[in-house]
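# Examining the three-dimensional arrangement
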Amino acid sequence: MAHHLLFFFSALGVFNALLAGLYLVAARWTHAADRLLGLLLLAVCVRVGVSCAYFFAETMPWTAVQVGLSAHLLMGALLLEYVRAEAGAPQARTIRRWHLGGVVLALCSFGVLFPFEQHPRVWDYHLRYTLHAVVAGYILATGWRLWQARQGRHARGVQVFAVMVAVALGFVVSLYTSYVLGPVIFSFIVYAVSGALLWRRRQTPHAERPAYAEKKIAEAEATPIIDRLRHRMQADALFRQPDLKLAGLAKAVGTTPHHLSQILNDNLGARFSTFVNGYRVAEAERLLRECPDLTIEAIGYEAGFSSKSAFYAAFKKHHGVPPAQYQRQVRAPDL
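What you see is a predicted model; the values in this text were computed from it and never measured. (Residues numbered from 1 in each chain as written. Predicted model: local features only at pLDDT ≥ 70, side-chain atom pairs only at ≥ 80, totals over all residues. Heavy atoms only, no water.)

## Re the overall build of the protein chain
A tally of helices and strands in the protein chain yields 14 helices and zero strands. Counting helices and strands in the order they occur from the N terminus, the protein chain gives α-α-α-α-α-α-α-α-α-α-α-α-α-α. Within the protein chain, the fraction of its 335 residues that count as buried is 41%. Contacts in the protein chain between residues at least 24 apart in sequence constitute 69% of all its contacts with a sequence separation of at least 6. Of the accessible surface of the protein chain, which amounts to about 18,300 Å², a share of 63% is contributed by carbon and sulfur atoms. (Helix = DSSP H or I, 4+ residues; strand = E, 2+ residues; numbered from the N terminus. Buried < 20%, exposed > 50% of the residue type's maximum accessible area, 1.4 Å probe, protein only. Contact = heavy atoms within 4.5 Å. Areas by Shrake-Rupley, 256 points an atom, 1.4 Å probe, with all protein chains shown as cover.)

Here it is as structure tokens:
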């Protein structure tokens, strides 16, 4: 009976984490860091799921064991890239491509040249311990990245890092104790984290929940991003894109949407729409002064507004008068 309960506990934790990972990867609203977190969850689910099945079934195809061990290495690589994306590392997207692509290519190439079924000793004795050592290296590199970004207080990155350290240690200890220890620890963490989040949400009234759980980003970290943001907005006139979204602007300046939104709110004191509309209104002012042949509606579209009503509302909010009245006022001396 206890044997079956242990299997159910372990398998249910894997199933719940699998659903969360698939949701983060597939959902349209997710950003780069969220998708990396989803991929990390999927890699851990593969690793833990194979270990769980291997322990309780006592036999399974060697290919499945090979996939599980390969996912172990991917856990380390995805953890590092997730923390880099969450912390808003410049050029993080380019690094993810060659880094993660290289890891996947190396694993696939090695798996084809030395399949587990034909080289069990290589995988079960030599490579297994090597993978643990490499993942330990990834964990140290991730810890160093978090230490470098400590002023930004990237709470979610620290929490994911702590969970992965516990999971990795569970698998290391399982090498010398019971192989089911890794799945049990992972499932316990899944339930503990889920319970803590639900308890915190119930204890905090909705109206009192802050927009950001993290503290204000340090000026030394925010200033380079703000400089890149203003340069791209002015030099490339990104505000003229009617469908400009937070994710697209964050990608243009080399950070994450979450990170950029926090900088806009805390460091610049403006929401994303307010910040972008400020550039659009300034451009509309210029066109109203210098382009009398353009209609008011055409000027709104040229400045980046998606509709005439949005243009009128934003312009009047900034100046207190509609665009047409503003145009008459600024051109009156020329008449």
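Text resumes after the structure shown.
## A few points about the pattern of salt bridges
By the definition in use, this model includes six salt bridges. A salt bridge links Arg-232 to Asp-236, with the shortest nitrogen-to-oxygen separation between them at 2.4 Å. A relative accessible area of 26% places Arg-232 in the partly exposed class. Given a relative accessible area of 40%, Asp-236 falls into the partly exposed group. Put simply, Arg-240 and Glu-283 hold a salt bridge, and the shortest N to O gap is 2.5 Å. One end of the pair, Arg-240, is in the loop between helix 8 (219-235) and helix 9 (246-253); the other, Glu-283, is in helix 11 (residues 272-290), and 43 residues separate them in sequence. Three or more residues joined by partner-sharing salt bridges are found here, namely Arg-240, Glu-283, Arg-286, Glu-290 and Glu-302. (Salt bridge = Lys/Arg side-chain N within 4 Å of Asp/Glu carboxyl O.)

## Observations regarding the packing of aromatic side chains
Throughout the structure, instances matching the rule amount to nine aromatic pairs. Ring geometry for Phe-305 versus Phe-311: centroids 5.2 Å apart, planes at 40 degrees, classification tilted. Given the relative accessible area of 3%, Phe-305 is considered buried. Put simply, the rings of Phe-305, Phe-311, Tyr-312, Phe-315 and Tyr-326 touch in pairs and so form one group of aromatic residues. Here Arg-280 stacks its cationic end above the ring of Phe-305, 6.0 Å away from the centre of that ring. (Phe/Tyr/Trp six-rings, centres within 6.5 Å; stacked < 30°, edge-to-face > 60°. Lys NZ or Arg CZ within 6 Å of the ring centre and 35° of its normal.)

## Points about unusual backbone geometry
For Ala-237, which is not a glycine, the phi torsion comes out positive at approximately 50 degrees. Summarising the element assignment, Ala-237 is placed in the loop between helix 8 and helix 9.

## Examining helix 8
Spanning 17 residues, helix 8 covers 23 Å between terminal C-alpha atoms, matching the ideal 24 Å at 1.5 Å per step. Of the positions making up helix 8, those classed as buried are Glu-221, Ala-222, Ile-225, Ile-226, Leu-229 and Met-233. Seen from one end, helix 8 has its buried residues packed into an arc of 115 degrees, which puts them on one side. For helix 8, exposure combined with an orientation more than 90 degrees from the buried face picks out Ala-220, His-231, Gln-234 and Ala-235. Contacts made by the buried residues of helix 8 are with helix 9, helix 10 (257-267) and helix 11. After helix 8 finishes, the residue Ala-237 shows a positive phi value of roughly 50 degrees. (Expected span 1.5 Å × (residues − 1). Arc of directions from axis to C-beta.)

## Things to note about the packing of helix 8 against helix 11
Here helix 8 crosses helix 11 at 40 degrees, and the two axes come no closer than 11 Å. On the basis of the axis angle, helix 8 is oblique to helix 11. Here helix 8 runs over helix 11; the crossing is right-handed. In this structure, helix 8 contributes Leu-229, Arg-230, Met-233 and Gln-234 to the contact, and helix 11 contributes Phe-275, Val-276 and Tyr-279. The class makeup of the residues in the contact of helix 8 with helix 11 is five nonpolar, one polar and one charged. (Axes fitted to C-alpha atoms, helices over the stretch in contact; angles between N-to-C directions. Parallel < 35°, antiparallel > 145°, perpendicular 65-115°, else oblique. Left-handed = near helix turned anticlockwise from the far one by under 90°. Nonpolar A, V, L, I, M, F, W, Y, C, P; charged D, E, K, R; others polar.)

Worth remembering: the numbers are spatial, not functional.
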